[in-house]
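Each chain is listed here by its residues.
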Amino acid sequence: MAKKLVIKVTAGADAPERCSQAFTVAAVAAASGVAVSLWLTGESAWFALPGRAAEFELPHAAPLPDLIDGILTGGGTITVCSQCAARREIEEKDLIEGARIAGAQVFVSEIMPDGVQALVY
């Protein structure tokens, strides 16, 4: 079993099922004791802003705010892609507590060590 799980979400409200699956897998892994790093890219970057996750709706899916809370309280991290943030004029000060902005170099450094499983949704 991987010691760390890095999940990159490439979809937001534009592909709600794919988006929800990524957040769900991250939250379940964090609740199971797996070290989780969730990366928000593209349209999912918006969910790192206060109140934006609450606007997301998908029938029969857990609410994104609950999943985000589960990730963060489970010791996971949430990172917004630096280029995606810049394109949306999102700054670190705009983010929910516990989220950060970082770039590809940090992503690569997280996925390359032994014992890491990376997933892209």
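Residues numbered from 1 in each chain as written. Predicted model: local features only at pLDDT ≥ 70, side-chain atom pairs only at ≥ 80, totals over all residues. Heavy atoms only, no water.

- The name an unreviewed UniProt entry gives the protein is DsrE family protein, with Streptomyces luomodiensis as the organism.

1. Here's the deal with the pattern of salt bridges
Note that side chains of opposite charge can pair when their charged atoms are close.
Part 1: A full pass over the atoms with the stated rule returns six salt bridges.
Part 2: Linking Lys-4 and Glu-110 is a salt bridge whose minimum nitrogen-to-oxygen distance equals 3.8 Å. Of the two residues, Lys-4 is situated in strand E1 (residues 4–9) and Glu-110 in helix H4 (residues 104–111); the sequence distance between them amounts to 106 residues.
Part 3: In this structure Lys-4 comes out as partly exposed when scored by relative accessible area, which is 25%.
Part 4: Here Arg-88 makes a salt bridge to Glu-43, at a shortest N to O gap of 2.9 Å. Here Glu-43 lies in the loop between strand E2 (35–40) and helix H2 (64–73) and Arg-88 lies in the loop between helix H3 (82–87) and strand E4 (99–102), a separation of 45 residues in the sequence.
Part 5: Residue class for Arg-88 comes out buried when judged on its relative accessible area of 18%. (Salt bridge = Lys/Arg side-chain N within 4 Å of Asp/Glu carboxyl O. Helix = DSSP H or I, 4+ residues; strand = E, 2+ residues; numbered from the N terminus. Buried < 20%, exposed > 50% of the residue type's maximum accessible area, 1.4 Å probe, protein only.)

2. Digging into the side chain of Glu-110
Part 1: We classify Glu-110 as buried; its relative accessible area is 10%.
Part 2: If sequence neighbours within four positions are ignored, Glu-110 has contacts with Lys-4, Val-6, Ser-37, Trp-39, Arg-100 and Val-116. (Contact = heavy atoms within 4.5 Å.)

3. Re the environment of Asp-69
Part 1: If you trace the backbone, Asp-69 turns up in helix H2.
Part 2: Residue classification places Asp-69 among the partly exposed residues on the basis of a relative accessible area of 45%.

4. Examining the packing of aromatic side chains
Part 1: Under the counting rule described, the total for this entry stands at three aromatic pairs.
Part 2: Each ring, one from Phe-23 and one from Phe-47, has its centre 6.1 Å from the other, and the planes form 85°; the classification is edge-to-face. Taken together, the residues Phe-23 in helix H1 (residues 16–31) and Phe-47 in the loop between E2 and H2 connect sequence positions 24 residues apart.
Part 3: The class of Phe-23 is buried, set by a relative accessible area of 0%.
Part 4: Among the residues examined, Phe-47 registers a relative accessible area of 7% and is labelled buried. (Phe/Tyr/Trp six-rings, centres within 6.5 Å; stacked < 30°, edge-to-face > 60°.)

5. Examining the environment of Gln-105
Part 1: Inspection of the secondary structure puts Gln-105 in helix H4.
Part 2: For the pair Gln-105 and Val-28, spaced 77 residues apart in sequence, the C-alpha to C-alpha distance is 27 Å.

6. Some thoughts on unusual backbone geometry
Part 1: Of note, His-60 is a non-glycine position whose phi angle comes to about 65°, a positive value.
Part 2: With respect to the element layout, His-60 can be found in the loop between E2 and H2.

7. Topic: H2
Part 1: Along H2, the residues that are buried comprise Leu-64, Leu-67, Ile-68 and Ile-71. Along the axis of H2, the buried positions cluster into a sector of 100°, meaning they face one direction only. Those residues of H2 that are exposed and aimed more than 90 degrees away from the buried face are Asp-66 and Thr-73.
Part 2: On its buried face, H2 sits against H1, E2 and strand E3 (77–81).
Part 3: With its phi angle positive at about 90°, Gly-75 sits one or two positions after the end of H2. (Arc of directions from axis to C-beta.)

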